[in-house]
Amino acid sequence: MNNSKSGYKTLKKNTIRLLTLIVITQIFLSSIFLITNGYGDTIEFKVGFGAAPVIDGIIDGTTGEWDQAEKQNINLYPNITVPENGLAIDLWVIQEGLNLYILVRFDLQDHGTSEYDNEFIGILIADEVSNSDFTDAKIVQCSNISENDFKYLDYHINDTEYEEDIIPNGDGAAHLDENQITYEFSMPVKDTEDQLQDVYLNYNRNYDFKIVFGNTALYPDGIKISNIASIELQYPIFTPPSLDELIMLISTIVIFSTISALYIFYIYRITQLKKEIRRIRS
């Protein structure tokens, strides 16, 4: 009987210990998740290549323009180091040719109210040398969101001053559909016209992109929430030409080679004829 009681107590203790361990593990994993979703340097994208989307704020499902994008769901927070009271957004990233494309989409019940008529989404870019120093800002600023009125702005950040670029690079657009708004951006990779005011994006490099949101046309004072994503840009993938393209290329080479040969032969015959005329006259 004593052995049974002793065994029962031992089993009870082991069960309590196991439950305690499970609770501690759950709390630990939950903390990791919150930190991962809160701190920007843990949100990582290794971007692939795909077809270029049209920058109009509208996702065209018939063409599948964003189907090949790397997609994540993240939160924007008032304080990145304290991941609380976040706004959930869809963040999509894709490369094509010499451009990087970024999409931000989210739902907000207050869309359509005067408070959010002048909202904006900005993409701040840090140079690879200093990932904590954001010096380039691409912003889509709405002026009358219910009418889908917006403008694309390109700024150089000097300390805390936002100075509009002399030569704007990239493009951006926004579109509101009921309570869901979509922001789309494009920015050049290895094709930046003004390397003094823009971060020069290069292949096979990691860059920090800070996604910021606000509801007034003030920078940086209007920024309410943000988060950071680290994006690794890839080298373009070589795509062999299709059979039609190959036939066209070979045909073009043959035609121009034939024309060039005939032209050279024509010049040669003219030269020989002139020599023959001179010989006869002499």
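The notes below deal with the structure included here. (Residues numbered from 1 in each chain as written. Predicted model: local features only at pLDDT ≥ 70, side-chain atom pairs only at ≥ 80, totals over all residues. Heavy atoms only, no water.)

**Examining the overall build of the protein chain**
Broken down by element type, the protein chain carries two helices and twelve strands. Listing the helices and strands of the protein chain from first to last along the sequence gives α-β-β-β-β-β-β-β-β-β-β-β-β-α. For the protein chain, the proportion of contacts with a sequence separation of at least 24, taken over those separated by at least 6, is 60%. Roughly 17200 Å² of accessible area belongs to the protein chain as shown, and the carbon and sulfur atoms make up 55% of that amount. (Helix = DSSP H or I, 4+ residues; strand = E, 2+ residues; numbered from the N terminus. Contact = heavy atoms within 4.5 Å. Areas by Shrake-Rupley, 256 points an atom, 1.4 Å probe, with all protein chains shown as cover.)

**A few points about the nonpolar core**
In terms of nonpolar packing, the biggest core is built from 40 residues, with L100, I102, F106, Y183, L201 and F209 touching the most fellow members. Those residues within four positions of I102 in sequence are excluded, and the remaining contacts are W66, L91, W92, V93, I123, Y183, E184, F185, M187, F209 and I231. Membership of the second largest hydrophobic core comes to 14 residues, among which are I139, Y155, Y162 and I228. (Core = buried A, V, L, I, M, F, W, Y, C linked by side-chain atoms within 4.5 Å. Buried < 20%, exposed > 50% of the residue type's maximum accessible area, 1.4 Å probe, protein only.)

**Quick look at the sheet that holds strand β9 (residues 171-177)**
Taken in spatial order, the five strands of this open sheet run β2-β3-β4-β10-β9, and their pairing is antiparallel. Here the strands that pair on one side only, and so sit at the sheet edges, are β2 (70-76) and β9. Mean inter-strand twist for the sheet, computed between neighbouring axes without regard to direction, equals 20°. Across seven bridges, the pairing between β9 and strand β10 (residues 180-188) is antiparallel. Paired with D171 across the bridge in β10 is S186. (Pairing = 2+ DSSP bridges. Axes fitted to C-alpha atoms, helices over the stretch in contact; angles between N-to-C directions.)

**Some remarks on the sheet that holds strand β8 (residues 161-164)**
Pairing is mixed across the open sheet formed by seven strands, whose spatial order is β1-β12-β11-β5-β6-β7-β8. Two strands lie at the open edges of the sheet, namely β1 (44-46) and β8, each paired on one side alone. Averaged over neighbouring strand pairs, the angle between their axes works out to 30° when direction is ignored. As judged from the eight bridges shared by strand β6 (residues 134-144) and strand β7 (residues 149-158), these two strands associate in the antiparallel manner. When the bridges of β7 are listed, A137 appears paired with Y155.

**Quick word on the packing of aromatic side chains**
This model, assessed by the stated rule, comprises nine aromatic pairs. Taking the centre distance of 6.3 Å and the plane angle of 55° together, the rings of W66 and W92 count as tilted. Of this pair, W66 sits in the loop between β1 and β2 while W92 sits in strand β3 (residues 87-96); the two residues are 26 residues apart in sequence, bridging distant segments of the chain. For the pair shown, W66 and W92 are each scored as buried. Between the aromatic rings of F106 and F213, the centroid separation amounts to 5.4 Å while the plane-to-plane angle is 80°, which identifies the pairing as edge-to-face. Taken together, the residues span a long stretch of sequence, with F106 in strand β4 (residues 99-107) and F213 in strand β11 (residues 206-214) at a distance of 107 residues. A single burial state applies to F106 and to F213, both of which are buried. Grouped by ring-pair contacts, the aromatic residues F106, Y116, Y183 and F213 constitute a single cluster. A cation over a ring is seen here: K71 above W92, with NZ or CZ 4.3 Å from the ring centre. (Phe/Tyr/Trp six-rings, centres within 6.5 Å; stacked < 30°, edge-to-face > 60°. Lys NZ or Arg CZ within 6 Å of the ring centre and 35° of its normal.)

**Considering a negative patch on the surface**
Negative charge collects at one region of the surface, where D133, D159, E161 and E163 lie side by side. Tracing the backbone shows E163 in strand β8. (Patch = residues over 30% accessible without salt bridge, like charges linked within 9 Å, V, L, I, M, F, W, Y side chains within 5 Å. Salt bridge = Lys/Arg side-chain N within 4 Å of Asp/Glu carboxyl O. Lys, Arg positive; Asp, Glu negative; His and termini not counted. Charge placed at Lys NZ, Arg CZ, Asp CG, Glu CD.)

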